[in-house]
Every structure is written in C-alpha cells, then in structure tokens.
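Structure at a glance
These are the residues of each chain, in order.
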Amino acid sequence: MEGIVFTEEQEALVVKSWGVMKKNAAELGLKLFLKIFEIAPTAQKMFPFLKDSNVPLEQNPKLKTHAMSVFIMTCESAAQLRKAGKVTVRESSLKKLGSVHHKSGVVNEHFEVTKYALMETIKEAVPEMWCPEMKSAWGEAYDRLVAAIKSEMKP
C-alpha cells in the first residue's frame, strides 16, 4: 500500500461527497449495516449487542450508535488521508480497532462485503456526484483503512 498516492482529485471527490453525506451520517451508517447484514446475515453474530436483541435491526439503538460511529470514522479517515499522509482515526486507535476486529473473527470476506456495501451506500447517498473516479477514490481510501486495521489485527 505504501507509495500509492492518493491524488488531489481523489481527495476532492471524497471530501466533496463526505460534505454532503455528513448531515445524514446516522441514517447512512444504519443503511450501510443493514446492507452488510442483507448480504451476509451471519455477520450479525459478530456483534454482541445484537445477539439477544429482539428489537428489529433498524430500531436497535446500539446498532444505530455503532453504525453511525463506523460510518463517520470511515469517511473522516478517507477525507483526511491526503492531508495526514496516512490513515488516521479518532476516538479509538488503530491498535484497538485491530484487536476488536481480530477478537470478533473478522476475515477478508467481511472487509470485502463491507466495501461493497459502503460503495452502494455512498452511490445512493450522492447519485448526482457518483462516477467511476469517485468509486475509485472511495475504494482506495477504504482499502487503506482496512490495510491499517489488518496490520494491527493480532491476538
């Protein structure tokens, strides 16, 4: 992953679309997770707060909170990528993210499903901006975040 440049154009596309999506972060985060669970229903088992819940997914307050924070973290990290010159996350550290994903049994397929769901969510959120370049910019930013998380995924 090192040496691949996140271009100014890519940064501009990510920042511009995130600017539009920010105000709907809660709704879009939930949408993202509902898409993930639609594609991979068994992924629900990885979230302790969903195990004994009899609340419909879209009404689960813990899922809503989690989904929003994941969506914001992913988008903020993407928007900061060029400025920071590396993947940055706030509120928790990459080490913590790595260890949580490791303990939860997250594997490559999960990251792939999430990437697909993220792209679909963004495409639906900003249809008039969506283009191959934007898809590529978000894909690159997501891949870098995943690489950073994976590098910390150890017991």
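Here is a short report on the structure shown in this document. Note that this is a predicted model, so its numbers are computed, not measured.

This brings us to the overall build of the chain. Secondary structure assignment for the chain yields 7 helices and 0 strands. Listing the helices and strands of the chain from first to last along the sequence gives α-α-α-α-α-α-α. Its C-alpha atoms give the chain a radius of gyration of 15 Å, within 12% of the compact-globule value 15 Å for 155 residues. Seen through its C-alpha atoms, the chain measures out along the principal axes to roughly 45 × 40 × 25 Å. For the chain, the proportion of its 155 residues judged to be buried stands at 43%. In the chain, the share of contacts with a sequence separation of at least 24, taken over all contacts with a separation of at least 6, comes to 76%. By element, 57% of the accessible surface of the chain is carried by carbon and sulfur atoms, the whole surface being about 8800 Å². Measuring between centres, the 22 positive side-chain charges of the chain sit 5 Å from its 19 negative side-chain charges.

Our focus in this paragraph is the packing of aromatic side chains. According to the stated counting rule, one finds 5 aromatic pairs in the structure shown. Seen from their ring centres, Phe-47 and Phe-49 are 5.8 Å apart, and the 50 degrees between their planes marks the pair as tilted. Here Phe-49 falls in the partly exposed class, since its relative accessible area comes to 23%. Three or more aromatic residues link up through ring pairs in this structure, and these residues are Phe-33, Phe-37, Phe-47 and Phe-49.

Counted at 1.5 Å a residue, the expected span for helix H2 (residues 25–39) with its 15 residues is 21 Å, and the 21 Å between its end C-alpha atoms agrees. Buried residues belonging to H2 abut helix H1 (8–21), helix H3 (48–51), helix H4 (61–84) and helix H6 (108–125).

So, on to the packing of H2 against H6. Here H2 crosses H6 at 135 degrees, and the two axes come no closer than 9 Å. Viewed along their axes, H2 and H6 adopt a mutual orientation that is oblique. The chirality of how H2 crosses H6 is right-handed. Along the contact surface, H2 presents Leu-28, Lys-31, Leu-32, Lys-35, Ile-36 and Ile-39, while H6 presents Val-113, Thr-114, Tyr-116, Ala-117, Leu-118, Glu-120, Thr-121, Glu-124 and Ala-125. Residue composition of the contact of H2 with H6, by class: 9 nonpolar, 2 polar and 4 charged.

Structurally, Thr-74 is set in helix H4. Excluding residues within four positions of it along the chain, Thr-74 makes contact with Leu-118, Tyr-142 and Leu-145.

Right, let's get into the layout of surface pockets. Approximately 830 Å³ is the volume attributed to the largest pocket. Phe-47, His-66, Val-70, Leu-97 and His-101 are, among the 32 residues lining the largest pocket, the residues nearest its centre. When contributions to the lining of the largest pocket are tallied by element, the ones reaching two or more residues are H2, H3, H4, helix H5 (94–103), H6 and helix H7 (132–151). For the lining of the largest pocket, a count of residues per class yields 21 nonpolar, 8 polar and 3 charged.

Scoring rules and cut-offs
Residues numbered from 1 in each chain as written. Predicted model: local features only at pLDDT ≥ 70, side-chain atom pairs only at ≥ 80, totals over all residues. Heavy atoms only, no water. Helix = DSSP H or I, 4+ residues; strand = E, 2+ residues; numbered from the N terminus. Rg over C-alpha atoms; globule rule 2.2 N^0.38 Å. Buried < 20%, exposed > 50% of the residue type's maximum accessible area, 1.4 Å probe, protein only. Contact = heavy atoms within 4.5 Å. Areas by Shrake-Rupley, 256 points an atom, 1.4 Å probe, with all protein chains shown as cover. Lys, Arg positive; Asp, Glu negative; His and termini not counted. Charge placed at Lys NZ, Arg CZ, Asp CG, Glu CD. Phe/Tyr/Trp six-rings, centres within 6.5 Å; stacked < 30°, edge-to-face > 60°. Expected span 1.5 Å × (residues − 1). Axes fitted to C-alpha atoms, helices over the stretch in contact; angles between N-to-C directions. Parallel < 35°, antiparallel > 145°, perpendicular 65-115°, else oblique. Left-handed = near helix turned anticlockwise from the far one by under 90°. Nonpolar A, V, L, I, M, F, W, Y, C, P; charged D, E, K, R; others polar. 1 Å grid on protein atoms, 1.4 Å probe; cavity = no way out; pocket = protein on both sides within 12 Å on 5 of 7 lines; lining within 4 Å. Points joined across faces, edges and corners; volume = space filled by probe spheres on them.

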